[in-house]
Amino acid sequence: MNAPTALSHLVPDVSQRPVPQALLDALVARFGAQCSTAMVVREQHGRDESSFQVPPPAAVVFAESTRDVADAVALAAQHEVPVIPFGVGSSLEGHLLAVQGGISIDLGRMNRILSVNADDLTVTVQAGVTRKQLNEEIRSTGLFFPIDPGADASIGGMCATRASGTNAVRYGTMRENVLGLEVVTAAGEAIRTGTRARKSSAGYDLTRLMVGSEGTLGVITEITLRLYPIPEAISAAICSFPSIEAAVRTTIQVIQLGVPIARVELIDVNAVRMVNKYAKLALREEPMLLMEFHGSPAGVQEQAQTVQEIASEFGGNAFEWATTPEERTRLWTARHNAYFAAIQSRPGCRAISTDTCVPISRLADCLLDSVKEADESGIPYFLVGHVGDGNFHFGYLLDPDDPRERTVAEDLNHKLVGRALRLGGTCTGEHGVGLHKMGFLVDEAGVGAVDMMRTIKRALDPKNILNPGKIFSL
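It should be emphasised that the depicted structure is a prediction, and the values quoted were computed from it without experimental measurement.

Colleague: Just to check I follow, could you spell out the overall build of the protein for this structure?
Modeller: Helix and strand counts for the protein stand at 17 helices and 18 strands. A compact globule built from 474 residues would reach a C-alpha radius of gyration of about 23 Å, and the protein, at 22 Å, matches this within 12%. Considered along the principal axes of its C-alpha atoms, the protein spans approximately 70 × 55 × 45 Å. The buried share of the protein, taken over its 474 residues, is 57%. Restricting to contacts in the protein with at least 6 residues of sequence separation, those with at least 24 account for 73%.

Right under this line is the structure:
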């Protein structure tokens, strides 16, 4: 494996490039109050939800239009200074950290929904629109955008990391749901990729190239997305199990039987306990599946009955149904609060959150061995997973002042990813590579494929200014 776990390798390679005063003066002249060099602003834009500590960027530009982004990138390119796009700061693998210095471009003010084409089931938005904002503003059309990574992430950031989340088992990921983009290149030029048409054979698929590129090939400023009709009927349920294996075996059988379940989430006993304390709930403290069914009233009832019968075969019990929006929100809020509940369960801790994805048939093999290793380590942890598509997350809770715990957690992550790769899976199902999984990408894709990625990067960003030091080294 190419990702070492010795303590000296558990920090990112920080090699700050100089940011000349001439660039800072030019940014202030162009952007005025939209540009800040205040330390508190820089620090806010120099950290994410990862556990890495990196010096902040030299300045932050608050873009309000694609022209703002293009001008900021063009100025940075003149001085060969790095540019790091910033959405809401919810990334988990160090994507937005200024490991080579430079400036941060905050796209949060670019938060307008530009057009809704209900007849075509599409919407075009600026990159700073968040998923909750989007769904709230289009609710009256009877449509919704299903990709739900948990955090209220920006649509631009979700494109950059190829996000997915709880609905992916039915609706796919950002890769399947982005039709077109507006992107600012390393030269400060705005280009468009794709159209509102559902398919195309016209040239290279630049949209898919940009989706998942983590800001290393361009700055995404506008996105055209697929929408879906709000289901006629929605029902959610939780079911407790005597073991993680029983919950996983239930999930595998549900998927292999072709039940069109919309969501199926695994929450381990640690996560349930943490959520109960955090949200003052009384969920049964056993491994749990949280499920959701979409369709017609009859279809939803049939799906739910089938899943309940399967779960019963594996010892599933204590089914709790939720059919009203308020009841469903209560259940899904518990799931989405798992990360924050875990952080609060150990005051002062930092979390190393990692994810892998494996073929559904190998899910039990990968999960059970990883749980055993985590239990034996003595490190507090929690497990949640979008197990319907073979994707799951471990969160290791560390004392930031104890180097031993960091080493143990990274060793667990190393073993977890290695196991997933051996079983035909990936080092990251949805978090992205960022800083944390650069070595694992070589293990997964191979030297030749990573060299091809480098060739693309050098061709599109010859000065290496777009989020440098992420995904792979040059």
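Colleague: Is there a simple way to explain the pattern of salt bridges in this structure?
Modeller: Opposite charge on two side chains allows them to pair when their charged atoms are near. For the structure on display, the rule yields 26 salt bridges. For the salt bridge of Arg 109 with Glu 64, the shortest nitrogen-to-oxygen distance reads 3.2 Å. Taken together, the residues Arg 109 in the loop between β4 (103-106) and β5 (113-117) and Glu 64 in the loop between β2 (59-62) and α3 (66-78) connect sequence positions 45 residues apart. Classification of Arg 109 by relative accessible area gives partly exposed; the value is 40%. On the basis of relative accessible area, Glu 64 is assigned to the partly exposed category, the value being 41%. Here Arg 175 and Glu 176 are joined by a salt bridge, their closest N and O atoms 2.7 Å apart. Taking the relative accessible area as the measure of exposure, Arg 175 reaches 45% and is therefore partly exposed. Through salt bridges with shared partners, a single network forms among Arg 30, Arg 67, Asp 68 and Asp 71.

Colleague: Which parts of the structure should I look at to understand a nonpolar patch on the surface?
Modeller: On the surface, Met 452, Ile 456 and Leu 460 cluster together to form a nonpolar patch covering roughly 260 Å² of accessible area. Its relative accessible area of 31% is what places Ile 456 among the partly exposed residues.

Colleague: How should the packing of aromatic side chains be read in this particular structure?
Modeller: Think of a pair of aromatic rings as described by two things: how far the centres are apart, and how the planes are tilted against each other in angle. Throughout the structure, instances matching the rule amount to 8 aromatic pairs. Look at Phe 144 and Tyr 171: their rings are 5.7 Å apart centre to centre, the planes differ by 90 degrees, and that puts the pair in the edge-to-face class. With Phe 144 in strand β7 (residues 143-144) and Tyr 171 in helix α6 (residues 168-171), this pair connects stretches of sequence that are 27 residues apart. Given a relative accessible area of 10%, Tyr 171 falls into the buried group. Considering the side-chain rings of Tyr 381 and Phe 394, the 5.8 Å spacing of their centres and the 35 degrees angle between planes classify their relative orientation as tilted. Within this pair, whereas Tyr 381 is found in strand β17 (residues 381-386), its partner Phe 394 is found in strand β18 (residues 391-398), the two being separated by 13 residues in sequence. Summarising the burial analysis for this pair, Tyr 381 and Phe 394 share the class buried. Aromatic ring contacts, followed pair by pair, group Tyr 381, Phe 392, Phe 394 and Tyr 396 into a single cluster. For Arg 30, the ring lying beneath its charged end belongs to Phe 31, and the centroid distance is 4.4 Å.

Colleague: Looking at this structure, how should I read the packing of helix α1 (residues 21-31) against α3?
Modeller: Think of two packed helices as two axes; the pair is described by the angle between the axes and how far apart they sit. One way to put it is that α1 packs onto α3 with a least axis distance of 10 Å and a crossing angle of 160 degrees. What the angle tells us is that α1 and α3 run roughly antiparallel. Note that α1 runs across α3; the crossing there is right-handed. Residues Leu 23, Ala 26, Leu 27, Arg 30 and Phe 31 of α1 form the contact with α3, whose own contacting residues are Arg 67, Asp 68, Asp 71, Ala 72, Leu 75 and Ala 76. Classifying every residue of the contact of α1 with α3 by side-chain character gives 7 nonpolar, no polar and 4 charged.

The rules behind each value
Residues numbered from 1 in each chain as written. Predicted model: local features only at pLDDT ≥ 70, side-chain atom pairs only at ≥ 80, totals over all residues. Heavy atoms only, no water. Helix = DSSP H or I, 4+ residues; strand = E, 2+ residues; numbered from the N terminus. Rg over C-alpha atoms; globule rule 2.2 N^0.38 Å. Buried < 20%, exposed > 50% of the residue type's maximum accessible area, 1.4 Å probe, protein only. Contact = heavy atoms within 4.5 Å. Salt bridge = Lys/Arg side-chain N within 4 Å of Asp/Glu carboxyl O. Patch = residues over 30% accessible without salt bridge, like charges linked within 9 Å, V, L, I, M, F, W, Y side chains within 5 Å. Areas by Shrake-Rupley, 256 points an atom, 1.4 Å probe, with all protein chains shown as cover. Phe/Tyr/Trp six-rings, centres within 6.5 Å; stacked < 30°, edge-to-face > 60°. Lys NZ or Arg CZ within 6 Å of the ring centre and 35° of its normal. Axes fitted to C-alpha atoms, helices over the stretch in contact; angles between N-to-C directions. Parallel < 35°, antiparallel > 145°, perpendicular 65-115°, else oblique. Left-handed = near helix turned anticlockwise from the far one by under 90°. Nonpolar A, V, L, I, M, F, W, Y, C, P; charged D, E, K, R; others polar.

Keep in mind that these numbers describe shape and distance, not what the molecule does.
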